[in-house]
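# Geometric and topological summary
Spelled out from the first residue to the last, the chains are:
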Amino acid sequence: MKTVYLILSVIGAIVPYIFFLQFMASGAPPDDFVRQLFTTAPAGGFTADLVITSLVFWIWSFGEARRLAMSRWWIYPVANLAIGLSCALPLFLYVRQNRAAVPPHA
């Protein structure tokens with residue numbers, strides 16, 4: 001599964017950036033990005049779902065990181081904000097896979 005998580009993390013970084021780069025290349029002002037996330041009801045629904053799911057991921061990953069004595073937990077919320085959940089979640093699972101095999105320190 002480690003390899004699958006790593007591949008998914010890389011794909012999860014590349015695919016969203018294809019769309020982000022298209023947006024930036026269009027010449028639209030940066031503040032237009034957030035407005036366009038809620039332009040239609042379906043887009044707003046997907047955006048709200050992603051924001052809520054990201055918050056759940058942050059809470060869950062923080063608890064998992066503490067349980068497994070994983071350092072640098074802050075990397076995953078940063079990856080979530082800078083790239084997206086499609087990269088941050090499989091990245092966390094990849095790193096967690098390594099830590100799960102090692103018993104946490106007392």
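Below is a summary of the structure that appears in this document. (Residues numbered from 1 in each chain as written. Predicted model: local features only at pLDDT ≥ 70, side-chain atom pairs only at ≥ 80, totals over all residues. Heavy atoms only, no water.)

### What about the overall build of the protein chain?
The number of helices and strands found in the protein chain is five helices and zero strands. Counted from the first residue to the last, the protein chain has its helices and strands arranged as α-α-α-α-α. Along the first, second and third principal axes, the C-alpha set of the protein chain runs to 50 × 25 × 20 Å. When burial is assessed residue by residue, the protein chain has 25% of its 106 residues classed as buried. Just so you have it, the protein chain exposes about 7200 Å², and 74% of that area is on carbon and sulfur atoms. (Helix = DSSP H or I, 4+ residues; strand = E, 2+ residues; numbered from the N terminus. Buried < 20%, exposed > 50% of the residue type's maximum accessible area, 1.4 Å probe, protein only. Areas by Shrake-Rupley, 256 points an atom, 1.4 Å probe, with all protein chains shown as cover.)

### Concerning a nonpolar patch on the surface
Nonpolar side chains collect at one region of the surface, where Met1, Val4, Leu6, Ile7, Leu8, Val10, Ile11, Ile14, Val15, Ile18 and Phe19 lie side by side and expose about 990 Å² of accessible area between them. Its place among the elements puts Phe19 in helix H1 (residues 2–25). (Patch = residues over 30% accessible without salt bridge, like charges linked within 9 Å, V, L, I, M, F, W, Y side chains within 5 Å. Salt bridge = Lys/Arg side-chain N within 4 Å of Asp/Glu carboxyl O.)

### A word on the packing of aromatic side chains
In the structure shown here, the tally under the stated rule is eight aromatic pairs. Ring plane angle 65 degrees and centroid distance 5.2 Å describe the contact between Trp60 and Phe92, whose orientation is recorded as edge-to-face. You can see Trp60 sitting in helix H3 (residues 41–67) and its partner Phe92 sitting in helix H5 (residues 85–100), a full 32 residues away along the chain. Between Tyr76 and Phe92 the ring centres are 5.0 Å apart and the planes differ by 90 degrees, which places this aromatic pair in the edge-to-face class. A residue pair is termed long-range when its members are at least 10 positions apart, and Tyr76 in helix H4 (residues 75–82) and Phe92 in helix H5 qualify at 16 residues. We note that Tyr76, like Phe92, is buried. Cluster of aromatic residues (ring-pair linked, three or more members): Tyr17, Phe20, Phe23 and Phe33. (Phe/Tyr/Trp six-rings, centres within 6.5 Å; stacked < 30°, edge-to-face > 60°.)

### Structural notes on unusual backbone geometry
A negative phi angle characterises most non-glycine residues, just as the trans form characterises most peptide bonds. In this model, Ala69 sits at a positive phi of 55 degrees, which is unusual for a non-glycine residue. Following the sequence through the fold, Ala69 ends up in the loop between H3 and H4. Although it is not a glycine, Arg72 sits at a positive phi angle of roughly 60 degrees. Its location among the elements puts Arg72 in the loop between H3 and H4. Exposure remark for Arg72: the relative accessible area of 54% places this residue in the exposed category.

### A word on the environment of Thr3
Within the secondary structure, Thr3 sits in helix H1. The exposed category is assigned to Thr3, whose relative accessible area is 55%. Residues Thr3 and Phe62, 59 residues apart in the sequence, show an inter-C-alpha distance of 23 Å.

### Quick look at the packing of H3 against H4
Following both chains from N to C, one finds H3 and H4 inclined at 165 degrees, their axes separated by 10 Å at the closest point. What the angle tells us is that H3 and H4 run roughly antiparallel. Between H3 and H4 the crossing geometry is right-handed. For the pair H3 and H4, contact is made by Ser54, Phe57 and Trp58 and by Tyr76, Pro77, Asn80 and Leu81, respectively. Taken together, the residues of the contact of H3 with H4 sort by class into five nonpolar, two polar and no charged. (Axes fitted to C-alpha atoms, helices over the stretch in contact; angles between N-to-C directions. Parallel < 35°, antiparallel > 145°, perpendicular 65-115°, else oblique. Left-handed = near helix turned anticlockwise from the far one by under 90°. Contact = heavy atoms within 4.5 Å. Nonpolar A, V, L, I, M, F, W, Y, C, P; charged D, E, K, R; others polar.)

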